[in-house]
Amino acid sequence: MAKRIGSLDDMEQLRKRIVSGIDPNKTMVTICGGTGCQAYGSDKVFQAFTEEVKRQGVDVEVGVKATGCHGFCERGVVIVILPEEICYLRVRVEDVPEIVSETLVQHKVIERLTYEDPQTGEKSVKESDIPFYKHQSRIVFGKNRFIDPKSIDDYIAIGGYEALAKALCQMTPEQVMDEVKKANIRGRGGGGFPAAVKWQTTRSSPSDVKYVIVNCDEGDPGAYMDRSLMEGNPHSVLEGLTIGAYAIGAHKGFVYVRQEYPLATENTICAIEKAEEYGFLGKNIMNSGFDFTVEVERGAGAFVSGESSALMSAIEGRVGEPRPKYIRTSVSGIWGKPSNLNNVETWANVPLVISKGADWYTSIGTEGSKGTKIFSLVGKVNNTGLVEVPMGTTLREIIYDIGGGILNGKKFKAVQTGGPSGGCIPEQFLDKPVDFDELSKVGAMMGSGGMIVMDEDNCMVDVARYFVNFLSDESCGKCVPCREGLRHYHKILERIVSGEGRESDIELLQDLSDVIKDASLCALGQTAPNPVLTTIQYFRDEYEAHIKERRCPAKVCKDLISFYIEPDKCKACMICLRNCPVGAISGDKGLIHVIDQGKCTKCGTCLDLCPTRFNAVTKLSGEPVPPPPLKREVTREKGSEQ
Amino acid sequence: MKQVTMSIDGKEVKAKEGMTILQAAMEVGIKIPTLCYDDRLASYGACRLCSVEIKKGERSRIVASCVYPVEEGLVVETESPRVQKIRKVILELLRARSPGLKEELAERYEVDKTRLDRDATFCILCGLCVRYCAEVKGANVLGFVGRGTERQVVFFPDIAFKTCPTCKECFNICPTGVIPSDFAVNVPRFEKQPTVFPVRLRDEQNLREFIKKIE
Ligand SMILES: Cc1cc2nc3c(=O)[nH]c(=O)nc-3n(C[C@H](O)[C@H](O)[C@H](O)COP(=O)(O)O)c2cc1C
Ligand code: SF4
Ligand code: FES
């Protein structure tokens, strides 16, 4: 049984004791145990290391540790060997014996496992030299890689729970409030609402019972920053929550975790137990007289249940549906009691503010948005993953310096920020600093941190349709503007992408948008028009091409494209002919292949399989398919390839 | 009870704290169109037809008057251009589902008849029947299932076959008037098969019968 911590002194001694047990020069293999790397088999890699170190009888002392997510999930399994900080990517079980014998024993770097710049071919050995990491400032997320989420001692060793000790033993709740107010932490869950203002409302609402809640519902498709924090460093969120509860005067907290995040749930429950053992949760925490307990609630599994009033209904055991909240949840939330809800990342920022002070915190970021923000960078960029940067970093820096630019040297078209109800930002705004206010000015938003990069092969009408589809499935369906508005959005966009668009459709979409935005009950509906409005605003020509010319400029929309084999490039190699799943291609050895447009289902197999040196299959849109050539025999030039 | 003074359409209005804008307006004879509101039931705030524009200082925004509580000094406009546009489009959306709904209002707000494709299922999910059955009768025969554009009203046959034949009070509450035919088709069936699984309020058959009747 761990010793209960009763004072700042106890805390400091505990930390010293833990740190003194750690040899900073000891070789330590840290293996990312986040959900992304687990999918690549990090559990097995971990096991292989433990066994291999024993098997090879390595005589230096080697530790192996599973840590939280490092953010570069696409290159999983990610391992970092300390103290040299050698970073290996895409590690598989087969690589383990070599890593042990070469790197652990002989300190040799295995080149093939290090990062290679896709453009320059330059290698980076140290984690901090990899461009993806080099341009980040991971003050919140970076701790993940040093700690085993199941070990509270790991967290304490890097200064964990010192902020809680400071708040409870040295500060009054008012002083904590003041510090958070000075730091101007704004909500990371999407709205950017000042945390201190919300806390103050709950704090000054007259009631004996108050609640504080962590929102880990994270329903944006493709976003996983909250999951990675909650899984990788649950103590930082709990510490922030407890400090907040102390300032607000709440004695009960909830962590609302979505159903799909079993590891986050497991690690949070484990963290709560460990924190209770040390007395960081429970009665009379650190002898301050402050009591606080936390419970984990499993989410209902709907996107809309992340909305504050819906989430609170769900905690009460009712349907997770938004309700009109002209009386704010911070005044009347769970069971009618004042309830303060913040996002995972918001809570994780709180200990930083308390331990390092508001002055330090406000030195990072922009005028109106302080600190850093974690983004989930996905789509057509070379490096995808979780990225933490100071507020105010430009889109260009994120996409090019960290993301390594557009995949396969293609041309950038747009970046979609802010989750499904965010907006699409075109190239002309790439130098916009990313913070709560700047992106809103161009019709998008920073939101909770989704960032999807799109290139010239993305059709913007199709993109709008995708998000509208998502939202019409995920809206709760209670209020008319959102439910019926999205129904018609969906119909209109479907007909545009299938070439049935009407001349009046753009105007109709805009007209509906005004009303959906103004009159919907909750923020899902109120922001649902963003993807439609921004794509119309910046890519109107694409809408018009679909409607007026039945042409999809990006050649994406199936009903508007045809696959065509260029006769002078076709070498009659039979590959496409044999692989077409519907037998739509005619021809023979020596006979130019021709696609029967009536049979073609536009699956794209022929385009994918046509050897790049021939490159004979193309997509056409908005133009008729030329008739088959009269002469079907392949002319063989001298010395040409077969 | 504390009194607040506010302005609705330029008129000074005194109202009791805790009232909604809709109630305060009604007391002074200002009519705000509603659909999902019924004074026997808790406000639901779903149709948004009762939207009004409120001003606090410089900022103006749209709220549903059937749920927004009165406030000292609030300035309310019930027929501003923004509000009228909202009503017009909401009626247009509703009437694409339920042709003929709120005829008078549709004329008043000059609702476009042709822009939106019709998809007449008649139910507009105002929840009046569901809420009446639960809140007034305590019977809970009806409920909602599904999310988003898939949301539907359903019967629970095992309760319906016992309760509905003697009640039928929701017949007059449905703004589309289609409930009686739903019952005529379904409830006798439930007697034979009183399952616990929810059954759609309106299937193809009673929809056809209903349309035949009104045509
Ligand atoms: C449809 C919808 C979904 C939401 N989903 C989430 C979510 O998954 N996580 C989250 O933190 N906030 C979500 N929010 C925002 C919450 O309502 C709330 O504003 C937030 O949790 C407050 O925390 P913050 O101030 O720290 O950002 C959602 C809002 C809406 C309208
Ligand atoms: S805006 Fe959409 S999600 Fe929100 S209450 Fe209305 S229907 Fe439900
Ligand atoms: S009457 Fe107010 S929202 Fe329906």
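Keep in mind the model is a prediction, meaning the values are calculated, not measured. (Residues numbered from 1 in each chain as written. Chains lettered and ligands numbered in written order. Predicted model: local features only at pLDDT ≥ 70, side-chain atom pairs only at ≥ 80, totals over all residues. Heavy atoms only, no water.)

*Asks:* Tell me what's going on with the overall build of chain B, and back it up with residues and numbers.
*Replies:* A count of helices and strands for chain B gives 7 helices and 8 strands. Based on the C-alpha atoms only, the size of chain B along its principal axes is roughly 60 × 45 × 30 Å. Per-residue burial over chain B gives 48% buried out of 215 residues. For chain B, the share of sequence-separated contacts (at least 6 apart) that also reach a separation of at least 24 residues comes to 53%. In the structure as shown, chain B presents an accessible area of about 10,700 Å², 50% of it carried by carbon and sulfur atoms. Across chain B, the centroid of the 35 positively charged side chains sits 2 Å from that of the 30 negatively charged ones. (Helix = DSSP H or I, 4+ residues; strand = E, 2+ residues; numbered from the N terminus. Buried < 20%, exposed > 50% of the residue type's maximum accessible area, 1.4 Å probe, protein only. Contact = heavy atoms within 4.5 Å. Areas by Shrake-Rupley, 256 points an atom, 1.4 Å probe, with all protein chains shown as cover. Lys, Arg positive; Asp, Glu negative; His and termini not counted. Charge placed at Lys NZ, Arg CZ, Asp CG, Glu CD.)

*Asks:* Residue-level account of the sheet that holds strand S7 (residues 152–155) of chain B, with values.
*Replies:* All names here are of chain B. The sheet built from 3 strands is open, its strands ordered S6-S7-S8 with antiparallel pairing. Two strands in the sheet have a free side with no partner beyond their single neighbour: strand S6 (142–145) and strand S8 (199–200). In this structure, S6 lies alongside S7, joined through 4 bridges in antiparallel fashion. For phenylalanine 144, the partnering residue across the bridge sits in S7 and is valine 153. In the packing of helix H4 (residues 128–136) onto the sheet, the strands contacted are S6 and S7, and the crossing angle to S6 comes to about 130°. (Pairing = 2+ DSSP bridges. Axes fitted to C-alpha atoms, helices over the stretch in contact; angles between N-to-C directions.)

*Asks:* If you had to explain the domain arrangement of chain A to someone new, which residues and values would you point to?
*Replies:* Parsing chain A into structural domains produces domain 1 (25–82 + 86–125), domain 2 (152–362), domain 3 (372–458), domain 4 (461–548) and domain 5 (561–620). Here the C-alpha centre of domain 5 of chain A lies 36 Å away from the C-alpha centre of domain 4 of chain A. (Domains from an automatic or database assignment.)

*Asks:* Can you explain the site of ligand 1? Please cite residues and give values.
*Replies:* Residues and elements named next belong to chain A. For ligand 1, the set of nearby residues contains 18 residues, the closest of which are Gly189, Glu218, Asn342, Asn343 and Thr346. Glutamate 218 has a polar backbone atom sitting 2.8 Å from an oxygen atom of ligand 1. Serine 308 places a main-chain nitrogen or oxygen 3.0 Å from an oxygen atom of ligand 1. Calculation on ligand 1 without its partners gives an accessible area of 600 Å², and the protein chains cover 88% of this total. Mapped by element, the contributors of at least two residues to the shell around ligand 1 are strand S10 (339–343) and helix H21 (523–527). The element contributing the most residues to the shell around ligand 1 is S10, with 3 residues. (Near = heavy atom within 4 Å. Polar contact = N/O pair within 3.5 Å; in protein donor to acceptor, adjacent residues only side chain to side chain.)

*Asks:* If you had to explain the side chain of B:Asp38 to someone new, which residues and values would you point to?
*Replies:* Residue and element names in this part refer to chain B. Within the secondary structure, aspartate 38 sits in the loop between helix H1 (21–27) and strand S3 (51–56). Judged by its relative accessible area of 12%, aspartate 38 falls in the buried class. Of the polar contacts made by the side chain of aspartate 38, one reaches the side chain of arginine 40; its length is 2.8 Å. Discounting chain neighbours no more than four positions away, the residues touching aspartate 38 are Leu128 and Ile173.

*Asks:* Explain the site of ligand 2 residue by residue, including any values.
*Replies:* In the vicinity of ligand 2 there are 13 residues, among which A:Cys476, A:Lys478, A:Cys479, A:Cys482 and A:Cys522 approach most closely. Class assignment for the residues of the shell around ligand 2 results in 8 nonpolar, 4 polar and 1 charged. (Nonpolar A, V, L, I, M, F, W, Y, C, P; charged D, E, K, R; others polar.)

*Asks:* So what's going on with the pairing of strand S16 (residues 561–565) of chain A? Residues and values would help.
*Replies:* The two faces of the sheet receive side chains in turn, since in a regular strand these alternate between them. All names here are of chain A. A large share of S16 lies buried, amounting to 5 of its 5 residues. Residues Ile561, Phe563 and Ile565 point to one face of S16 and Ser562 and Tyr564 to the other, with burial holding for every one of them. Note: S16 against strand S19 (residues 617–621), 5 bridges, orientation antiparallel. Bridge pairing in S19 places isoleucine 565 opposite valine 617.

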